[in-house]
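# Working through the structure, step by step
Take a look at the letters that make up each chain.
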Amino acid sequence: MDFEKAREEMIRYQIKGRGIRDKRVLSAMSSIPRDKFVLEGEKDNAYLDCPLPIGMSQTISQPFMVALMTQCLSLKGPETVLEVGTGSGYQAAILSKLAKMVYTIERFNALADRAGKIFKELEIKNVKIIVGDGSKGLEEYSPYDGIIVTAGSPEIPGSLIEQLNEKGRIVIPVGNSFSQDLLLGIKEKGKLKTVNHGGCVFVPLVGKYGW
Ligand code: SAH
């Protein structure tokens, strides 16, 4: 299987073809090998237009969803970003190309360990993985310029809003445990202004401020 060709086609048809225009996002997605982040038996499916299983009943998001959520953060380079839900590590790897520092928190040790090994192999050095309940955010390294939650939440946890910088952006799927709306919130004068980017389906955020 020619992964590079599959990746180019993914960018052309699934990402650019559906209106993702941020050049930095397109270039990050061209440079990160998604095939490294999927399970051994799923390599040939790595560039398909869908989420894939990664173990522990969790999934790596559909490429378009990764692109859309990343574009929502409007990263320019100097930002500190928090990701809740490391999963395979793919989304964090994309963010590592677009921001200065990425903190990513995962509730399953096994997934955090696996992502850490892939980051090492790809020589990604500006991502720190933490094991814990990300529904509470990660106070230690806050405030963040961007927060991305890659699991569906019943509401936007107040702790995450608190840990966001003024003018900071949060992108999060909010709804029930079967379907959600992708919300982008921008913090202005301490309050969040939100825009709905449409329907989506994520695995549930499990934790104190999740399900
Ligand atoms: N961003 C991932 C996709 C993650 S799927 C990727 O690129 O592959 C959602 C992940 O969120 C799962 O791995 C799940 O274990 C994790 N998760 C769910 N609730 C969580 C919580 N409260 N804190 C941290 N991680 C959580």
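Above this text is the structure in question.
Overview of the structure. Since this is a predicted model, take the numbers as computed values, not measurements.

## Describing the packing of helix H1 (residues 3-15) against helix H2 (residues 23-31)
It is the contact of H1 with H2, at a shortest axis distance of 9 Å, that shows an interaxial angle of 145°. The hand of the H1/H2 crossing is right-handed. Contacts from Arg7, Met10, Ile11 and Ile15 in H1 reach Leu26, Met29 and Ser30 in H2. Classifying every residue of the contact of H1 with H2 gives five nonpolar, one polar and one charged.

## Some words on the packing of aromatic side chains
With the rule as written, the count across this model stands at four aromatic pairs. Considering the side-chain rings of phenylalanine 3 and tyrosine 47, the 6.2 Å spacing of their centres and the 45° angle between planes classify their relative orientation as tilted. Taken as a pair, phenylalanine 3 in helix H1 and tyrosine 47 in the loop between H2 and strand S1 (52-55) lie far apart in primary sequence, 44 residues in all. Here the aromatic rings of phenylalanine 37 and tyrosine 90 are separated by 5.7 Å at their centres, their planes lie at 70°, and the arrangement is edge-to-face. Taken together, the positions of phenylalanine 37 in the loop between H2 and S1 and tyrosine 90 in helix H4 (residues 90-96) put the pair 53 residues apart, joining distant regions of the chain. For the pair phenylalanine 37 and tyrosine 90, one class covers both residues: buried. It is arginine 18 that lies over the ring of phenylalanine 64; its NZ or CZ is 5.4 Å from the centre. Directly above the ring of tyrosine 90 sits arginine 34, whose terminal nitrogen or CZ lies 5.0 Å from the centroid.

## Things to note about the site of the ligand
Surrounding the ligand, one finds 25 residues, the nearest of these being Ser88, Glu106, Asp133, Gly134 and Val206. One of the backbone N or O atoms of arginine 107 is found 3.2 Å from a nitrogen atom in the ligand. Against a free-state accessible area of 580 Å², the protein chains account for coverage of 99% of the ligand. Given that more than half its atoms are within 2 Å of the pocket grid, the ligand belongs to the largest pocket. Looking at the shell around the ligand, the elements that each hand over two or more residues are strand S2 (58-60), H4 and strand S4 (101-106). Ranked by residues supplied to the shell around the ligand, first place goes to S2 with three residues. The residue inventory of the shell around the ligand, partitioned by class, reads nine nonpolar, twelve polar and four charged.

## A word on the pairing of strand S7 (residues 164-175)
Here strand S6 (residues 144-149) runs beside S7; their pairing, made up of four bridges, is parallel. If you follow isoleucine 148 over to S7, its bridge partner there is valine 171. Of the pairings in the sheet, the one linking S7 to strand S8 (residues 180-188) comprises seven bridges and is antiparallel in character. Looking at S8, one finds that arginine 169 is bridged to isoleucine 186.

## A word on the pattern of salt bridges
The final tally for this structure, using the stated rule, is five salt bridges. Salt-bridge contacts for aspartate 35 lead to arginine 7; the nearest nitrogen and oxygen are separated by 3.7 Å. Of the two residues, aspartate 35 sits in the loop between H2 and S1 while arginine 7 sits in helix H1, which places them 28 residues apart along the sequence. As far as burial versus exposure is concerned, aspartate 35 and arginine 7 are alike and both buried. The partner of arginine 18 in a salt bridge is aspartate 49, and the shortest N-O contact between them spans 2.4 Å. A residue pair is termed long-range when its members are at least 10 positions apart, and arginine 18 in the loop between H1 and H2 and aspartate 49 in the loop between H2 and S1 qualify at 31 residues.

## Brief notes about the sheet that holds S7
Ordered in space as S5-S4-S3-S6-S7-S8-S9, the seven strands form an open sheet in which the pairing is mixed. Each of the sheet's edge strands pairs with one partner strand only, and the pair in question is strand S5 (127-131) and strand S9 (191-200). Sheet twist, expressed as the mean angle between neighbouring strand axes with direction ignored, is 15°. Sheet strands touched by helix H5 (residues 109-121): S4 and S5. Its angle to S5, the strand with the most contacts, is close to 165°.

Conventions we followed
Residues numbered from 1 in each chain as written. Predicted model: local features only at pLDDT ≥ 70, side-chain atom pairs only at ≥ 80, totals over all residues. Heavy atoms only, no water. Axes fitted to C-alpha atoms, helices over the stretch in contact; angles between N-to-C directions. Helix = DSSP H or I, 4+ residues; strand = E, 2+ residues; numbered from the N terminus. Left-handed = near helix turned anticlockwise from the far one by under 90°. Contact = heavy atoms within 4.5 Å. Nonpolar A, V, L, I, M, F, W, Y, C, P; charged D, E, K, R; others polar. Phe/Tyr/Trp six-rings, centres within 6.5 Å; stacked < 30°, edge-to-face > 60°. Buried < 20%, exposed > 50% of the residue type's maximum accessible area, 1.4 Å probe, protein only. Lys NZ or Arg CZ within 6 Å of the ring centre and 35° of its normal. Near = heavy atom within 4 Å. Polar contact = N/O pair within 3.5 Å; in protein donor to acceptor, adjacent residues only side chain to side chain. Areas by Shrake-Rupley, 256 points an atom, 1.4 Å probe, with all protein chains shown as cover. 1 Å grid on protein atoms, 1.4 Å probe; cavity = no way out; pocket = protein on both sides within 12 Å on 5 of 7 lines; lining within 4 Å. Sits in = over half its atoms within 2 Å of the grid points. Pairing = 2+ DSSP bridges. Salt bridge = Lys/Arg side-chain N within 4 Å of Asp/Glu carboxyl O.

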